[in-house]
Amino acid sequence: MSQVILDPRVAPPFPKAALPVLRNPQLRKNVAHATDVIQAKRARLVAEKTDWQELRTAAASIKDEALANLDGYLQQFEERCVAAGGVVHWAWDAAEARRIIIDILREEQASDVIKIKTMTSGEIELNPALAAAGIEAIETDLAELILQLGQDEPSHIVVPALHVSRSQVREIFARKMGLENLSDDPQTLAAAARTFLRKKFLSVPTAISGANFLVAETGSVAVVESEGNGRMCLTLPRTLITLAGIEKVIPRFKDLEVMLQILARSATGERMNPYTSVWSGVAPGDGPQKFHVVLLDNGRSAILGKHTERQTLRCIRCAACLNTCPVYRQTGGHAYGSVYGGPIGAILTPQLQRLEHAQSLPYASSLCGACYEVCPVKINIPEILIELRAQVVNKERKKVARFADPMYLGMRAANWFFTDSRRFRFAQKWARIGLRLFTGKDGWIHSLPSLGAKWTMTRDLRGLPQQTFREWWAEQPKEGR
Amino acid sequence: MSTLLSSRTLILDRLRTATTEATPQEPPKSLRQYLRSGNLSAVERTQLMAERLREYDAEVLECEPQHQLDAIADRLRASKRLRFVVPPGLTSSWLLAGFDWKVDNGLAHDAIEQCDGVVTEAFAGVADSGTIVLHHSATEGRRVISLLPDFHLCVLRASQIVATLPEYFDLCTRIPPIATYISGPSATADIEMTRIKGVHGPRFLNVILVHDEAITNTAIAQGRSR
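Residues numbered from 1 in each chain as written. Chains lettered and ligands numbered in written order. Predicted model: local features only at pLDDT ≥ 70, side-chain atom pairs only at ≥ 80, totals over all residues.

Novice: What's the story with the overall build of chain B in this structure? I'm lost.
Specialist: Helix and strand counts for chain B stand at six helices and twelve strands. With 226 residues in all, chain B has 45% of them scored as buried. In chain B, of all internal contacts separated by at least 6 residues, the share reaching a separation of at least 24 is 71%. (Helix = DSSP H or I, 4+ residues; strand = E, 2+ residues; numbered from the N terminus. Buried ≥ 20, exposed ≤ 12 C-beta atoms within 10 Å, placed from the backbone. Contact = placed C-beta atoms within 7 Å.)

Novice: Got a minute to help me understand the interface of chain B and chain A in this structure?
Specialist: Reports of interface size often rely on the accessible area that becomes lost once the parts have come together. The interface is formed by 63 residues belonging to chain B together with 75 residues belonging to chain A. Mapped by element, the contributors of at least two residues to the side of chain B that touches chain A are helix H1 (2-22), helix H4 (109-113), helix H5 (165-171), strand S9 (178-182) and strand S10 (187-188) of chain B. With 14 residues, H1(B) is the largest single contributor of residues to the side of chain B that touches chain A. Its residues placed into classes, the side of chain B that touches chain A shows 30 nonpolar, 20 polar and 13 charged. As defined by bridge partners, strand S9 (residues 275-280) of chain A adjoins S9(B) across five bridges and the pair is classed as antiparallel. Along S9(B), the bridge assignment pairs Val278(A) with Ala179(B). (Nonpolar A, V, L, I, M, F, W, Y, C, P; charged D, E, K, R; others polar. Pairing = 2+ DSSP bridges.)

Novice: I would appreciate a short explanation of the nonpolar core in the present structure.
Specialist: Within soluble globular proteins, side chains that are nonpolar generally end up buried alongside one another. In terms of nonpolar packing, the biggest core is built from 192 residues, with Ile101(A), Val249(A), Met259(A), Val294(A), Leu295(A), Cys321(A) and Val133(B) touching the most fellow members. Here this core gets eight residues from one element, more than from any other, and that element is helix H12 (residues 256-267) of chain A. Counting contributing residues per domain, this core is built from domain 1 (1-48 + 319-398) and domain 2 (50-140 + 205-301) of chain A, each supplying no fewer than three. Beyond its immediate chain neighbours, meaning those up to four positions away, Cys321(A) contacts Gly342(A), Pro343(A), Ile344(A), Cys371(A), Val374(A), Cys375(A) and Ile381(A). (Core = buried A, V, L, I, M, F, W, Y, C linked by C-beta atoms within 7 Å. Domains from an automatic or database assignment.)

Novice: Teacher, can you tell me more about the pairing of strand S10 (residues 290-296) of chain A here?
Specialist: Residues and elements named next belong to chain A. The buried fraction of S10 amounts to five of the seven residues, a majority that puts the element mostly inside the structure. Bridging between strand S1 (residues 87-91) and S10 involves five bridges; their strand directions are parallel. Each bridged residue has a counterpart across the sheet, and for Val87 the counterpart in S10 is His292. Here strand S7 (residues 239-245) pairs with S10 via seven bridges, running parallel. Note that in S10 the partner of Gly245 across the bridge is Leu296.

Novice: Is there a simple way to think about unusual backbone geometry in this case?
Specialist: What you tend to see is this: most non-glycine residues have negative phi, and most peptide bonds are trans. Residue and element names in this part refer to chain A. A positive phi angle, close to 50°, is found at Glu125, a residue other than glycine. Structurally, Glu125 is set in the loop between helix H6 (119-123) and helix H7 (126-132). Residue class for Glu125 comes out partly exposed when judged on the 15 C-beta atoms lying within 10 Å of it. Of note, Ser450 is a non-glycine position whose phi angle comes to about 45°, a positive value. You can see Ser450 is positioned in the loop between strand S11 (444-445) and helix H21 (453-456).

Novice: When you look at the sheet that holds strand S3 (residues 136-139) of chain A in this model, what are you seeing that I'm missing?
Specialist: As a general point, the strands of a sheet are linked pairwise by backbone hydrogen bonds and lie either parallel or antiparallel. All names here are of chain A. With parallel pairing, the six strands of this open sheet are ordered in space as S1-S10-S7-S4-S2-S3. Of all strands in the sheet, those with a lone pairing partner are S1 and S3, marking the two edges. Across the sheet, the mean angle separating the axes of adjacent strands is 25° when strand polarity is ignored. (Axes fitted to C-alpha atoms, helices over the stretch in contact; angles between N-to-C directions.)

Keep in mind these values describe shape, not function.
Put into structure tokens, the structure is as follows:
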């Protein structure tokens, strides 16, 4: 697993990265099982909500309203958060966010820091930077702990270790926690994590969290979780740092009544997640007495300026699109070469990074539309995928190297044949004769040589019929027509 | 600090340009056609709350107002625990003899960690999702006391239960500076999607539902006008 690379700048293209997973039956079984379970629970709980479509519409419109006036709402958030005792920092890119966080931790003389699961921290590759600064990051979410101790990478936005089986977890915990006689019963494994982390919660004075929502009206942050590790990190330390993408802001406290109804149902198939924490700045005598928020741009303002792509910023990271995606369900998350996998990753990564670092991702989809259907904030992912594909093609169109690309040459040739009926008939005739050699008795082509093998390697091709419709029509008696 | 200021200016400038360029003429409005309130009677609401809590593996004991103390005693004894932490504003008659009570007037984390359980009230309950709402008042306690002990006994009155989440937000005429929404005991499904009760938060959530429905409607009306 050590060869998994989740940095879009150096990760291999999607089709190449997907191959090891497709050849690993255990991994595929784990991914299929997990996504099946979440999907079934989600479907049941969405069905019981008679106003589900109205909630989706409301959620999308709340996010659109926030995005249309993002600078105003962010300033309002800043003002209210500062008034409540918080400190607000602005980070243009990942490097600046890392620097701000490390500076705060140095000022606190921190040698270690406890962390709640935050995708944004993965996006800015915070943990390696902390290690380089001599600060030990301790992941406290069970799945993140499994990955950290196993030196693995997340493969899902909500359940990051869904590709790891219980026996693998047992092996990792036994080795890293020094518990030789540990069983692989999930309850026992969770209890081991509880004991392992309890000491850290009570002794480490600094914590890092992400944010599910920033409330402009009150300067509050909302964090949604299940295990209670979040509440520990938000309550026990002296100093708390929250890292949040600028798109997390919603206008009003009351907007949570919509967001909290759709998030847990979409993410884990629960009516509500066990714990939701909401706080503004510093509460005297209760929880951390120093509170910092780092607002991260890192490519988001550029997405905001694009008409079709702006809706990407509505995303609340529920991962419903991953669980339903026929491509993700086969490949898992590592193939996407970024902490954001699945359909949302396929549109988010190429936009957050420069397109050429992730230009295979817009093609990592069958455009079936299942992701759009389940998205609780109605992001039209297929529409954005097509837009990004167009951008990839427009870039390639300008390259001289295209004349050496078989795909380009094939398309040019097809163009020449398809625009003239005589040339088309000629091609049909010779293709029929040429392919006869490869067509099996069942009428299917199972294997083609050279370039054609790229197709038949993963799927069969229907052989060409021995008669075209035009030929058949010409044979019919005139009066029968 | 000057670099921080310039990033702030840079981001806000970019956002202003982006929103003026790509925002449609008609500014988006929040479309709120979803259900605000349920049509359940007070009794049905309490029943639903109990049902949803039990689905989360919380233990629920229902009682009439005059039997509230007996119910608390029953739950405390059944827990087989001795040392309990309580918020400073909790009714003193609840601190029954035979148990070791620690009143949280700024107890250290280690002292709270040594307690076997915690007893609190709540701000509200949301029946639809089986959610207990804490605003951390003097009867609900600081966040830490309902977090570290492994056993949480929460006393919730039927008059505090609303049917839907939007109804709870309607109750918040004053927005709480801190709030915690609890839906069942701590849980995870991170290992092979098997739901495991209790990772870091209290593994045992006990709720006493006090049937004071008779005053429910007036109480909610008062709550709204507050």
